[in-house]
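Analysis of the macromolecular model
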Amino acid sequence: MAKDMTPQEAEEFVRPLLSEKRYAHTLRVARTAEELAYRHGIDPARARLAGLLHDAARDMGGAELLRLAGEWKLPVDGWEKENPKLLHGPVAAEMARRRLGLTDEEVLDAIRVHTTGAAGMGPLALALYVADKIEPGRDYPSVGRLRKLAEGDLAAAAAESLRTAISYNEKRGRRTHPASVEALRWLEREAGGVEEP
Ligand SMILES: [Fe+2]
Ligand SMILES: [Fe+2]
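In what follows, the accompanying structure is described. (Residues numbered from 1 in each chain as written. Chains lettered and ligands numbered in written order. Predicted model: local features only at pLDDT ≥ 70, side-chain atom pairs only at ≥ 80, totals over all residues. Heavy atoms only, no water.)

1. Remarks on the nonpolar core
Judged by nonpolar contacts, the single largest core of 61 residues is most densely connected at Leu 53, Val 91, Met 95, Leu 102 and Val 130. Broken down by element, this core gets its largest block of residues, nine residues, from helix α8 (residues 123-134). Beyond its immediate chain neighbours, meaning those up to four positions away, Val 91 contacts Ala 57, Met 60, Leu 65, Leu 68, Ala 69, Trp 72 and Leu 74. (Core = buried A, V, L, I, M, F, W, Y, C linked by side-chain atoms within 4.5 Å. Buried < 20%, exposed > 50% of the residue type's maximum accessible area, 1.4 Å probe, protein only. Helix = DSSP H or I, 4+ residues; strand = E, 2+ residues; numbered from the N terminus. Contact = heavy atoms within 4.5 Å.)

2. Here we look at the pattern of salt bridges
Opposite charge on two side chains makes pairing possible when the charged atoms of those side chains draw close. Under the definition given, this model contains 18 salt bridges. Between Arg 22 and Asp 59 there is a salt bridge, with its nearest N and O atoms 3.0 Å apart. Of the two residues, Arg 22 sits in helix α2 (residues 20-40) while Asp 59 sits in the loop between α3 (44-53) and α4 (62-71), which places them 37 residues apart along the sequence. Using a relative accessible area of 24% as the deciding quantity, one classes Arg 22 as partly exposed. For Asp 59, a relative accessible area of 32% corresponds to the partly exposed category. For Arg 138, the salt bridge identified is with Asp 132, shortest N-O distance 3.4 Å. The exposure class of Arg 138 is partly exposed, given its relative accessible area of 31%. When its relative accessible area of 6% is taken as the criterion, Asp 132 is described as buried. (Salt bridge = Lys/Arg side-chain N within 4 Å of Asp/Glu carboxyl O.)

3. Some words on the coordination of the iron ion (ligand 1)
On the protein side, the iron ion (ligand 1) has Asp 55 (OD), His 88 (NE2) and His 114 (NE2) as donor atoms, found 2.1 Å from it. All donors to the iron ion (ligand 1) come from one chain, and their sequence spacing reads D-x32-H-x25-H. In this structure, the iron ion (ligand 1) is positioned 3.6 Å from the iron ion (ligand 2), and both are ligated by Asp 55. Placement of the pair is His 88 in helix α6 (residues 88-100) and His 114 in the loop between α7 (105-112) and α8, with a sequence separation of 26 residues. We note that His 88, like His 114, is buried. (Donors = N, O, S within 2.8 Å, 3.2 Å for Na, K, Ca; no water.)

Structure below.
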């Protein structure tokens, strides 16, 4: 568990790092992650903490994200070099570890993979991933369906969100981050009975 970290401390930590808009999003994600956790038998306090910290590095510039990733020896591949914003999850997790003394590996993992998803993601990571997509400020055509799915099955909601993102990219001739493709394959295998393309 986190070393004596309260939600207030996490809020105070992120507030000066974020724009008003991002901070409001952060609070909605934290609340949504907490609610999803209650519903699905996950520790709500840890889900809330992951939500509060997930976008801590989101308002940093690309150069700063790359600099910190380099300093902290985080994995940076071609995708991240091309789009450094992808690093905001891994950098936020490392900030939480280094600057807040957060030691809860599941919370750190959830923060780390919240942008792309990842094969093998745990329940907390699923709750955060889905909360980020369905928080009440989100408004896109499939969000209602995702909210409904998330009530019953977090993995199904995450898979549906990934499928939507991948087909959106395909329609626009864009590639999808390999971690997202792997996350979807893994979720479909876990669900069983779903044929791989
Ligand atoms: Fe994010
Ligand atoms: Fe977010």
